[in-house]
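# Survey of secondary and tertiary structure
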Amino acid sequence: MAAAGDGPWLDDAAGRLVRPYTVSDGRTRPSTALDLLSQVMATGATPLGYLGPEHRQALERCRAPVSVAEVAAHLKLPAAVTKVLLSDLVDCGALTTKPPRFHHNPTDRSLLEAVLDGLRRQL
């Protein structure tokens, strides 16, 4: 079994020992608007107050710009929980965030149809 300070508290046989929403104190809505493609990056400021191990892991992951989705995957937490953790870090000044930049129209019909065709071929 992993020690309490190690990672997201996993046990080889049992899996996660702490439910994901316990990590966010049951909160399901972030105070900062984030989507999965939003970029987050550490500011270098030291956050005040208590940070849980997941907050510290997220902050470590954000030394360079990284998407919310990548942080969630690294932490092995649901995106909703990760957004709450990241918004806590934005609120205390430890992270900055930028909306995703698109070089094309993300709702372009031809792009969406190409994605759908690719998914259909995989099924």
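Up top is the structure these notes are about.
Before going into details, it helps to say that this report is about the structure given with it. Bear in mind the structure is a predicted one, so any value in this text is a computation, not a measurement. Here the residue numbers are simple positions, counted from 1 along each chain's written sequence. Local features in a predicted model are, by the rule used here, given only for residues with pLDDT of at least 70; side-chain atom pairs are given and counted only at 80 or more, and totals for whole chains, interfaces and linings are based on all residues. The side-chain values count all of the structure's non-hydrogen atoms but skip hydrogen atoms and water molecules.

### Observations regarding the side chain of T32
- The way it works is that DSSP assigns letters per residue, a run of H or I at least four long becomes a helix, a run of E at least two long becomes a strand, and they are numbered from the N terminus. Within the fold, T32 resides in the loop between helix 1 (20-23) and strand 3 (39-42).
- Burial classes: relative accessible area under 20% of the type maximum marks a residue as buried, over 50% as exposed, and values in between as partly exposed (1.4 Å probe, protein chains only). Judged by its relative accessible area of 15%, T32 falls in the buried class.
- Between N or O atoms, a polar contact is any pair within 3.5 Å; within protein, one atom must be a potential hydrogen donor and the other a potential acceptor, and residues adjacent in sequence are included only when both atoms are from side chains. For T32, the side chain forms a polar contact with the side chain of D91, separated by 3.4 Å.
- Throughout, a residue-residue contact means that at least one pair of heavy atoms, one from each residue, lies within 4.5 Å. Setting aside residues no more than four positions away along its own chain, T32 makes contact with S87, V90, D91 and T97.

### Some thoughts on the packing of helix 2 (residues 53-61) against helix 3 (residues 68-75)
- Under this scheme, a helix contributes an axis fitted over its contacting stretch, all axes are lines through C-alpha atoms, and angles between N-to-C directions fall in the 0 to 180 degree range. Viewed as axis vectors pointing N to C, helix 2 and helix 3 meet at an angle of 130°, and their least axial separation amounts to 10 Å. With respect to helix 3, the axis of helix 2 lies oblique. When you trace helix 2 past helix 3, the crossing you get is right-handed. Residues E54, Q57, A58 and R61 of helix 2 pack against V71, H74 and L75 of helix 3. In these notes the angle categories are as follows: under 35 degrees is roughly parallel, over 145 is roughly antiparallel, 65 to 115 is roughly perpendicular, and the rest is oblique. Here a crossing is taken to be left-handed if its near helix is turned anticlockwise relative to the far helix by less than a right angle, and right-handed if that turn runs clockwise.

### Comments concerning the pattern of salt bridges
- Think of a salt bridge as a Lys or Arg side-chain nitrogen and an Asp or Glu carboxyl oxygen that are within 4 Å of each other. Evaluated as defined, the whole model comprises three salt bridges.
- The partner of R63 in a salt bridge is E60, and the shortest N-O contact between them spans 2.7 Å.
- Under the relative-accessibility criterion, R63 is labelled exposed at 57%.
- What makes E60 partly exposed here is its relative accessible area of 47%.

### Details of the packing of helix 2 against helix 4 (residues 79-91)
- Closest axis-to-axis distance for the helix 2/helix 4 pair is 10 Å, and the angle between their directions is 75°. Judged on the interaxial angle alone, helix 4 and helix 2 are roughly perpendicular. Touching E54, H55, A58 and L59 of helix 2 are L85, L86, D88 and L89, all from helix 4.
- Residues are grouped as follows: Ala, Val, Leu, Ile, Met, Phe, Trp, Tyr, Cys and Pro are nonpolar; Asp, Glu, Lys and Arg are charged; all remaining types, including Gly, are polar. Grouping the constituent residues of the contact of helix 2 with helix 4 by class yields five nonpolar, one polar and two charged.

### Overview of the pairing of strand 3
- We treat two strands as partners when DSSP finds at least two bridges between them. Pairing geometry for strand 3 and strand 4 (residues 66-67), over two bridges, is antiparallel. Each bridged residue has a counterpart across the sheet, and for V40 the counterpart in strand 4 is V66.
- The pairing of strand 3 with strand 5 (residues 95-98) spans four bridges and is classified as antiparallel. Bridge pairing in strand 5 places Q39 opposite K98.

The quantities given are spatial measurements derived from coordinates; they are silent on function.
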